[in-house]
4 protein chains.
Amino acid sequence: MPGYVMQKVDLLKRLARIEGQVRGLSRMIEDERYCIDILDQISAVNRALEKVAVGLMSDHLGHCVTNAAQGGAQATEKIDEATAAIARLLRS
Amino acid sequence: MPGYVMQKVDLLKRLARIEGQVRGLSRMIEDERYCIDILDQISAVNRALEKVAVGLMSDHLGHCVTNAAQGGAQATEKIDEATAAIARLLRS
Amino acid sequence: MPGYVMQKVDLLKRLARIEGQVRGLSRMIEDERYCIDILDQISAVNRALEKVAVGLMSDHLGHCVTNAAQGGAQATEKIDEATAAIARLLRS
Amino acid sequence: MPGYVMQKVDLLKRLARIEGQVRGLSRMIEDERYCIDILDQISAVNRALEKVAVGLMSDHLGHCVTNAAQGGAQATEKIDEATAAIARLLRS
């Protein structure tokens, strides 16, 4: 069971809002809105998505640590995997 | 008329795909999929959004230059505005 | 002559400061300072470097536009090149 | 004792290289090199710095997990702190 289960409702709410923002971007393009305004809206969506990512990461790491504290194995692999995901989020 | 008008169809197609990807993220959360897989999907959506941003920026800058070549005024302000939008995309 | 020539002194001052910040990072590692403090210092250096990048981009774009206004050729290629550099800064 | 102590030599080598890259940026400005080439060099430095950040983060998280496995307290606070640092690296 993933660590984020407890905050599922919150995550789904955020994603529904992001979906609406993306739909809003389509509408801005349809309406031929000013380019710079659309770019700023894209920045906002990226930021909102990264907040979701940070929330998930936080739960995941907390889960790893709890698991390790309870004598769970594979803690090192989990951390390597999480670090690799952070690197991909950073695109480095 | 914004510079991106000519590629409206392409931009709308990309955004429809991104909207589907965000819906996919919700489904992954609903299904309690593995955290790291969701994080990678978020990285993919961010990348797709930034491709849209770069496409819009390219059109916008091309438009500024064409306009300046035709003796249009306000070229400097337009460039300042575009630079500020680039800074916001970079979050710097 | 590149567009940034006029602000050379400012750019060199910023880069000298960034070089000092990187040297500071080495000192933090030598002194075995707390990991999170080092990470925050890295965030600060990245931000400072991106400010330099945005300044250079601004000059470059301004130069392209001035050039186009004076009937210079190659405006489109210059814009494509600048857009590609923006994409690389964004890592998208 | 921070978790990165074991790889201190590697981190210091990387930072020395980054310091050299930043000095190279100053030289490029002095020599009035082409703007786009300088921007690409800045992208490279940012990427190198983020690799250092990811390395430090990896050690830090590994340390947290080991600590938790040994019954160390404060695991949750440590994870919150690490998550906040990731958010700052992402600028979200």
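For the structure itself, look to the data block above.
Everything numeric in this text was worked out from a predicted model, so none of it was measured.

## Side note on helix 1 (residues 8-30) of chain C
Right, so step 1: Spanning 23 residues, helix 1 of chain C covers 33 Å between terminal C-alpha atoms, matching the ideal 33 Å at 1.5 Å per step.
Right, so step 2: Taken together, the buried positions of helix 1 of chain C are occupied by C:Lys8, C:Leu11, C:Leu15, C:Ile18, C:Glu19, C:Val22, C:Gly24, C:Leu25, C:Ser26, C:Met28 and C:Ile29.
Right, so step 3: On its buried face, helix 1 of chain C is in contact with helix 2 (35-69) of chain C together with helix 1 (8-30) and helix 2 (35-69) of chain D.

## Here we look at the interface of chain A and chain B
Where interface size is quoted, it is often the accessible area lost as the parts come together.
Right, so step 1: Of the residues lining the interface, 44 residues belong to chain A; the matching set on chain B comes to 44 residues.
Right, so step 2: In this assembly, chain A packs against chain B so that about 4,300 Å² is buried in total across both faces, 64% of it on carbon and sulfur atoms.
Right, so step 3: In this structure, B:Glu32 engages A:Lys8 in a salt bridge whose closest nitrogen and oxygen atoms are separated by 2.9 Å.
Right, so step 4: Seen at the junction of chain A and chain B, the total is 14 residue pairs in polar contact (both at pLDDT 80 or more).
Right, so step 5: Mapped onto the side of chain A that touches chain B, the elements with two or more residues apiece are helix 1 (8-30), helix 2 (35-69) and helix 3 (75-90) of chain A.
Right, so step 6: Top element by residues in the side of chain A that touches chain B is helix 2 of chain A. It accounts for 17 residues.
Right, so step 7: Grouping the constituent residues of the side of chain A that touches chain B by class yields 27 nonpolar, 4 polar and 13 charged.

## Remarks on the relation of the copies chain A and chain B
Right, so step 1: With an RMSD of 0.0 Å, the operation that places chain A on chain B is a rotation of 180° combined with a shift of 0.0 Å along the axis. As the rotation angle and translation indicate, the two copies are arranged about a two-fold axis.
Right, so step 2: A high fraction, 100%, of the interface residues of chain A reappear at the interface in chain B, so the copies pair face to face through one surface.

Analysis parameters
- Residues numbered from 1 in each chain as written.
- Chains lettered and ligands numbered in written order.
- Predicted model: local features only at pLDDT ≥ 70, side-chain atom pairs only at ≥ 80, totals over all residues.
- Heavy atoms only, no water.
- Helix = DSSP H or I, 4+ residues; strand = E, 2+ residues; numbered from the N terminus.
- Expected span 1.5 Å × (residues − 1).
- Buried < 20%, exposed > 50% of the residue type's maximum accessible area, 1.4 Å probe, protein only.
- Contact = heavy atoms within 4.5 Å.
- Buried area = accessible area lost by both parts, 1.4 Å probe.
- Salt bridge = Lys/Arg side-chain N within 4 Å of Asp/Glu carboxyl O.
- Polar contact = N/O pair within 3.5 Å; in protein donor to acceptor, adjacent residues only side chain to side chain.
- Nonpolar A, V, L, I, M, F, W, Y, C, P; charged D, E, K, R; others polar.
- Least-squares fit on C-alpha atoms with pLDDT ≥ 70 in both.

None of the figures reported here should be taken as evidence of function without further support.
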